[in-house]
Amino acid sequence: MWTRLAIAALLLCPSSAFAPSGYRAGSKAHYFHGEVSGPFSRNVCRVQMAADFYSTLGVDRGADEKTIKSAYRRMAKKFHPDANPGNDTTEQFQAVNRAYEVLSDPELKKRYDRFGESGVGTSAASDASGGSPFGGGGYSQQVDISDIFDTFFGGGGGGGFGGPGGRPGGRGRTRGPITGDDLRFDLEIDFKTAVFGGEEKVRIRHLETCNTCGGDGVKPGSSVTTCSTCNGMGVTMQVTRTPLGNFQTQQTCPDCRGTGQKVGEYCGTCSGQGTVSKTKQIKVTIPPGVEDGNKLRVRGEGDAGPNGGPAGDLYIFLKVKKDDKFRREGPEVYSDANVSYVDAILGASIKVPVVDGDVTIKIPPGTQPGQVMRLKGNGAPRLGNPSQRGDHYVTINIDIPTSISKEEEELVTKLRDLKEKKGSGKGFFG
C-alpha cells in the first residue's frame, strides 16, 4: 500500500516529491498540494515559479525603505479586494503583502537578495519554517493593515495592528484631549445690514466642558486603573485562521469602551461624558460688504472636546433678505427709476434712492428707454476694505401713458405733425 502511494507521489511530482520545502520549479505561479499519510506524510509537492518581489512592488532592486513602503501602499490600494468589486484580486493582494513582508525587513531582504525566495522560506512570517501556504505547518502571514488604512483613509487606521513578522503596531489609542466639533448656525440678515454691517444676537446650544470633573468624566476622588482586558491599549486583538493565512483584527475593548482605563465611578454631572449641553446667547459682528452665502467663524463657540479638549468653532452661514428697491452683485448695486415721457424728451432732475439715502440725478434731454446711469461711489462697501465702495447703476424706465386727455392728445398730434414737416420719421425717442 505504501509503495503504491509513493509511486503515485513520484508520478505526480517526479522532480520534487522529496525536495526541500523551498524548492522552486515550473513556469506557472501556482501550487500543487499533494499529501500522503504514513512514511511520506511530510513530503509535499509544490510547483511554484520563483517570485520577484521587487517586480511585484514595481521597484528597483536598489530601492530604499521609503520607496518600498510607498510602492507597497500604492499596490495594496490597487489590488485590495474592497477596491475591486466584482473582480477577484485576492491572489495579487496576497502577493503584494508577501513581497512587502520580505523587503521591509532588513535581515530578510538581505537573505532574499543573496539566495532568492528559498532564503526566506515559504513565508517571511514563518521565517523559512517550511509551512504549507494552505494553513498547515505553521504558515502565518501578518501584514501591517494600518498601512492600508493609512492609504485608504488618510491615517485613521488606529494602532495595535500586527506589523510584518507579527511585531505589534507602534501606535496606541489616543486618550489625550481632542478638539471638539465645529457647529453651524444659519442667520438671516436684511439687505442694509449686509451692506453696512452690524451686530446680531444668536442663541445656540452646544457642549461645554463639565466643571465638576474637568472633562475627563471621572468623579473627583474616584480611582482610575489600567484595563486588564486590553492592557491599556483600548482595543482587543483577534486572530482568524483562513486558507490564506492568519489575520489579526482589532475591536474596541468592551470593558473600557476604548479608553484603556477602568474607572471606579464616573462623574454624576455629565454621566461620564466629560461635557454637558448648554444654551448660550452670543453677539455676532457682521462686517460691511458681506453677501448671501458668506460664512463667519466665531472661534471657540463650537462643542467642547473629549477629555477636556478645546472647543471647536461656530460657523455662521449668512442669508441676505431680498430688497424691494435694490439688487446687488458684489459691491455694485442696481435699481430702476421711472420718468415720464415728457421728462425723457425735455430732460429733468429727479431724486433716486441709493443704499444710504437719496441723491438727485439729472436726466438729459432725449433719454432713451433702458438707458443706464452710473452713480460712482454710491454702491456697497467692499468686503475687507469698507473705505472703498462700488458704484450704483440706475436703469431709466420711461412711463408711456395708456390714456391721455384731449388737450394732451392735441399737443402730441401737433408735435407729430411738426416732426413730419421737418422730414423726420422718427418717434419721440429717436
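Calculation rules
Residues numbered from 1 in each chain as written. Predicted model: local features only at pLDDT ≥ 70, side-chain atom pairs only at ≥ 80, totals over all residues. Heavy atoms only, no water. Helix = DSSP H or I, 4+ residues; strand = E, 2+ residues; numbered from the N terminus. Buried < 20%, exposed > 50% of the residue type's maximum accessible area, 1.4 Å probe, protein only. Contact = heavy atoms within 4.5 Å. Phe/Tyr/Trp six-rings, centres within 6.5 Å; stacked < 30°, edge-to-face > 60°. Lys NZ or Arg CZ within 6 Å of the ring centre and 35° of its normal. Pairing = 2+ DSSP bridges. Axes fitted to C-alpha atoms, helices over the stretch in contact; angles between N-to-C directions. Salt bridge = Lys/Arg side-chain N within 4 Å of Asp/Glu carboxyl O. Patch = residues over 30% accessible without salt bridge, like charges linked within 9 Å, V, L, I, M, F, W, Y side chains within 5 Å. Areas by Shrake-Rupley, 256 points an atom, 1.4 Å probe, with all protein chains shown as cover. Lys, Arg positive; Asp, Glu negative; His and termini not counted. Charge placed at Lys NZ, Arg CZ, Asp CG, Glu CD. pLDDT = per-residue confidence, 0-100.

**Structural notes on unusual backbone geometry**
Piece 1. Positive phi is not limited to glycine here, since Asn231 has a value of about 55°.
Piece 2. For Asn231, the position within the fold is in the loop between strand 3 (224–226) and strand 4 (235–242).
Piece 3. A relative accessible area of 63% means that Asn231 is categorised as exposed.
Piece 4. Notably, Asn307 is not glycine yet its phi reads approximately 55°, a positive angle.
Piece 5. Note on placement: Asn307 falls in the loop between strand 8 (295–298) and strand 9 (314–320).

**Side note on the side chain of Lys109**
Piece 1. Residue position: Lys109 is located in helix 5 (residues 106–115).
Piece 2. Taking the relative accessible area as the measure of exposure, Lys109 reaches 18% and is therefore buried.
Piece 3. Leave out the neighbours within four places in its chain, and Lys109 touches Tyr54, Arg61, Ala63, Ile68, Val102 and Leu103.

**Observations regarding the packing of aromatic side chains**
Piece 1. As enumerated under the stated definition, the model contains five aromatic pairs in all.
Piece 2. Between Tyr72 and Tyr100 the ring centres are 3.9 Å apart and the planes differ by 5°, which places this aromatic pair in the stacked class. Here the residue Tyr72 occupies a position in helix 3 (residues 65–79), and Tyr100 occupies one in helix 4 (residues 90–103), the gap between them amounting to 28 residues.
Piece 3. Joined through ring pairs, the aromatic side chains of Phe53, Tyr54 and Tyr112 make up one cluster.
Piece 4. Its guanidinium or amino end placed over the ring of Phe317, Arg184 lies 3.8 Å from that ring's centre, counting from NZ or CZ.

**Concerning the pairing of strand 14 (residues 372–375)**
Piece 1. By the alternation rule, side chains of strand 14 split into Met373 and Leu375, which are all buried, and Val372 and Arg374, of which none is buried.
Piece 2. Note that strand 14 and strand 17 (residues 392–399) share four bridges and pair antiparallel. Its bridge partner being in strand 17, Met373 is matched across the sheet by Val394.

**With respect to the sheet that holds strand 14**
Piece 1. Taken together, the four strands give an open sheet; going across it, the order is 10-11-17-14, and neighbouring strands pair in mixed fashion. The two strands at the open ends of the sheet, each matched to only one other strand, are strand 10 (327–329) and strand 14. With direction set aside, neighbouring strand axes in the sheet form an average angle of 30°.
Piece 2. Pairing analysis gives eight bridges linking strand 11 (residues 332–340) to strand 17, with the strands arranged parallel.

**Some points on the sheet that holds strand 8**
Piece 1. Overall, mixed pairing links the three strands, which are arranged 1-9-8 in an open sheet. Of all strands in the sheet, those with a lone pairing partner are strand 1 (183–189) and strand 8, marking the two edges. Within the sheet, the average angular offset between the axes of one strand and its neighbour, ignoring direction, is 25°.

**Quick word on the pattern of salt bridges**
Piece 1. Applying the stated rule across the entire model yields 10 salt bridges.
Piece 2. The partner of Arg61 in a salt bridge is Asp113, with the nearest N and O atoms 3.7 Å apart. Separated by 52 residues along the polypeptide, Arg61 in the loop between helix 2 (53–57) and helix 3 and Asp113 in helix 5 bring together distant segments of the chain.
Piece 3. On the accessibility criterion, Asp113 (38% relative accessible area) is partly exposed.
Piece 4. A salt bridge links Lys219 to Glu265, with the shortest nitrogen-to-oxygen separation between them at 3.3 Å. Here Glu265 lies in the loop between strand 6 (261–263) and strand 7 (275–286) and Lys219 lies in the loop between strand 2 (198–209) and strand 3, a separation of 46 residues in the sequence.

**Side note on the environment of Val355**
Piece 1. Checked against the element boundaries, Val355 lands in the loop between strand 12 (348–354) and strand 13 (357–363).
Piece 2. Take Val355: its relative accessible area is 2%, and that puts it in the buried class.
Piece 3. In this structure, the C-alpha to C-alpha distance between Val355 and Gly379, residues 24 residues apart in sequence, is 7.1 Å.
Piece 4. Not counting residues up to four positions away in its chain, the partners in contact with Val355 are Phe191, Lys192, Val195, Phe196, Phe326, Val333, Asn378, Gly379 and Arg389.

**Some details on a negative patch on the surface**
Piece 1. Side chains of Glu407, Glu408, Glu409 and Glu410 sit close together on the surface and give a patch of like negative charge.
Piece 2. Along the polypeptide, Glu409 turns up in helix 9 (residues 406–421).
Piece 3. The class for Glu409 is partly exposed, based on a relative accessible area of 46%.

**Some words on the confidence of the model for the chain**
Piece 1. Here the chain averages 77 in pLDDT, while 73% of its residues score no lower than 70.
Piece 2. Low pLDDT (under 50) marks residues 124–144, which in the prediction has 69 contacts with non-local residues, meaning those over four places away or in another chain.

**Some words on the environment of Val96**
Piece 1. Within the secondary structure layout, Val96 lies in helix 4.
Piece 2. Sequence separation between Val96 and Met75 is 21 residues, and the spatial gap between their C-alpha atoms is 6.8 Å.
Piece 3. Residues within four places of Val96 in sequence aside, it is in contact with Thr56, Leu57, Tyr72, Met75, Ala76 and Phe79.

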